[in-house]
Amino acid sequence: MLTCPMCKKTLPESTPQCPRCSTDLSLLTDYVEHLHDGVARADDLTRQGQLDEAVWAYLEVLEVDPDNAVARRQVGRVATAVREFDRAAPGRHWLQRLGREARFDHWIYARLGLRLSDAWIFWLVVAAVLILFFALGFLAGWVAHP
């Protein structure tokens with residue numbers, strides 16, 4: 001069903017001209033027909049198993065008509081499937097752990113007042129303090145047992 005943009009009367013989809021206000025509806029009719037063709041093409045691609053092409057076809061429909069319920073539902077299903085796959089994939093667990101470690105490092109640097117680009121200075125100071133403690137321990141042991 002089409003709605004005339006001028007008089008807001010509901011009309012059948014194949015009406016080229018509004019009978020009430022005589023507005024030319026050919027452009028709107030072509031728009032709706034191509035929209036239905038895009039959804040039908042995406043449905044056919046889904047049935048053929050070409051899901052990647054089907055998703056792109058549904059996205060093309062959504063680009064023209066963001067309120068298309070069929071295309072929104074199908075793209076939503078794909079997005080949910082991808083999200084579930086990402087949660088279940090073993091490589092993702094490793095990536096999440098790496099992200100947690102990076103947040104911890106960022107937290108430490110923020111507490112010490114360092115920028116992440118200055119992290120090498122922090123580790124240099126830590127290494128120097130460790131070397132100093134080892135040297136003091138060695139000297140204390142060497143002096144105690146000549």
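Whatever comes next refers back to the structure up there.
Source: prediction; values computed, not measured.

## Side note on the overall build of the protein chain
Then, in step 1: The helix and strand inventory of the protein chain stands at five helices and two strands.
Then, in step 2: Seen in sequence order, the protein chain has helices and strands lined up from the N terminus as β-β-α-α-α-α-α.
Then, in step 3: Here the protein chain holds 146 residues, and 21% of them are scored as buried.
Then, in step 4: Once local pairs closer than 6 in sequence are excluded, the contacts in the protein chain between residues at least 24 apart make up 14%.
Then, in step 5: Of the roughly 11,300 Å² of accessible surface on the protein chain, 64% is carried by carbon and sulfur atoms.

## Here's the deal with the nonpolar core
Then, in step 1: Formed by L35, V39, A42, L45, A54, A57, Y58, V61, L62, A71 and V75, the largest nonpolar core amounts to 11 residues.
Then, in step 2: Those elements giving two or more residues to this core turn out to be α1 (26–48), α2 (51–64) and α3 (69–88).
Then, in step 3: Ranked by the residues each element gives to this core, the list is headed by α2, at five residues.
Then, in step 4: Leave out the neighbours within four places in its chain, and A57 touches R41, A42 and L45.
Then, in step 5: Among the nonpolar cores identified, the runner-up in size contains five residues, and C4, C7, L11 and C18 belong to it.

## A look at the packing of α1 against α2
Then, in step 1: The geometry of α1 relative to α2 is characterised by a closest axis approach of 8 Å and an angle of 160° between their N-to-C directions. Classified by the angle their axes make, α1 and α2 are roughly antiparallel. As for the relative orientation of α1 and α2, their crossing is left-handed in sense. In contact with Y31, L35, G38, V39, R41, A42, D43, L45 and T46 of α1, α2 contributes L51, E53, A54, A57, Y58, E60, V61 and V64.
Then, in step 2: A per-class count over the contact of α1 with α2 returns 11 nonpolar, two polar and four charged.

## Notes on the side chain of N68
Then, in step 1: By secondary structure assignment, the location of N68 is in the loop between α2 and α3.
Then, in step 2: In this structure the side chain of N68 is engaged in a polar contact, spanning 3.1 Å, whose partner is the backbone nitrogen of V70.
Then, in step 3: Apart from the residues within four sequence positions on either side, N68 is in contact with L35, V39, V61 and L62.

## Here's the deal with the pattern of salt bridges
Then, in step 1: Under the defined criterion, the tally for this structure stands at two salt bridges.
Then, in step 2: Here E60 makes a salt bridge to R41, at a shortest N to O gap of 3.7 Å. With a gap of 19 residues between them, E60 in helix α2 and R41 in helix α1 connect regions that are remote in the sequence.
Then, in step 3: What makes E60 partly exposed here is its relative accessible area of 45%.
Then, in step 4: Among the residues examined, R41 registers a relative accessible area of 41% and is labelled partly exposed.

## Comments concerning α1
Then, in step 1: When the terminal C-alpha atoms of α1 are compared, their 33 Å separation across 23 residues agrees well with the 33 Å that a helix rising 1.5 Å per residue should span.
Then, in step 2: Buried within α1 are the following residues: T29, V32, L35, G38, V39, A42 and L45.

## Notes on the side chain of Q74
Then, in step 1: Relative to the helices and strands, Q74 is located in helix α3.
Then, in step 2: Classification of Q74 as buried rests on a relative accessible area of 16%.
Then, in step 3: In this structure Q74 touches T46 and Y58, once residues within four positions along its chain are discounted.

What counts, and at which threshold
Residue positions are given per chain, counted from 1 along the sequence in the order it is written. For a predicted model such as this one, the threshold for reporting local features is a pLDDT of at least 70, and the threshold for listing and counting side-chain atom pairs is 80 or more; totals across whole chains, interfaces and linings nevertheless cover every residue. Only hydrogens and water are set aside; all other atoms, that is, all heavy atoms of the structure, feed into the side-chain values. Segments assigned H or I by DSSP are reported as helices when at least four residues long, segments assigned E as strands when at least two residues long, and all are numbered from the N terminus. Exposure categories follow from relative accessible area, calculated using a 1.4 Å probe and restricted to protein chains: below 20% of the type maximum is buried, above 50% is exposed, and the middle band is partly exposed. Residues are treated as being in contact if the distance between any of their heavy atoms lies within 4.5 Å. Here the open area of atoms and residues is found with the Shrake-Rupley method and a 1.4 Å probe, where only the protein chains shown may cover a residue. What is meant by a nonpolar core is a set of buried Ala, Val, Leu, Ile, Met, Phe, Trp, Tyr and Cys residues, joined one to another through side-chain atoms within 4.5 Å. What counts as an axis is a line fitted to C-alpha atoms, over the stretch in contact for a helix, and the angles between N-to-C directions run from 0 to 180 degrees. An angle below 35 degrees is treated as roughly parallel, one above 145 as roughly antiparallel, one from 65 to 115 as roughly perpendicular, and anything else as oblique. Left-handed describes a crossing whose near helix is turned anticlockwise from the far helix through less than a right angle; right-handed describes the clockwise counterpart. Gly falls in the polar group here, along with every residue not listed as nonpolar (Ala, Val, Leu, Ile, Met, Phe, Trp, Tyr, Cys, Pro) or charged (Asp, Glu, Lys, Arg). Distance and chemistry together define a polar contact, namely a pair of N or O atoms within 3.5 Å, with one atom able to donate a hydrogen and the other to accept it when in protein, and with adjacent residues in sequence counting only for side-chain atoms on both sides. Salt bridges are identified by distance alone: a Lys or Arg side-chain nitrogen within 4 Å of an Asp or Glu carboxyl oxygen. In this scheme, a helix's expected span is set at 1.5 Å multiplied by one less than its residue total.

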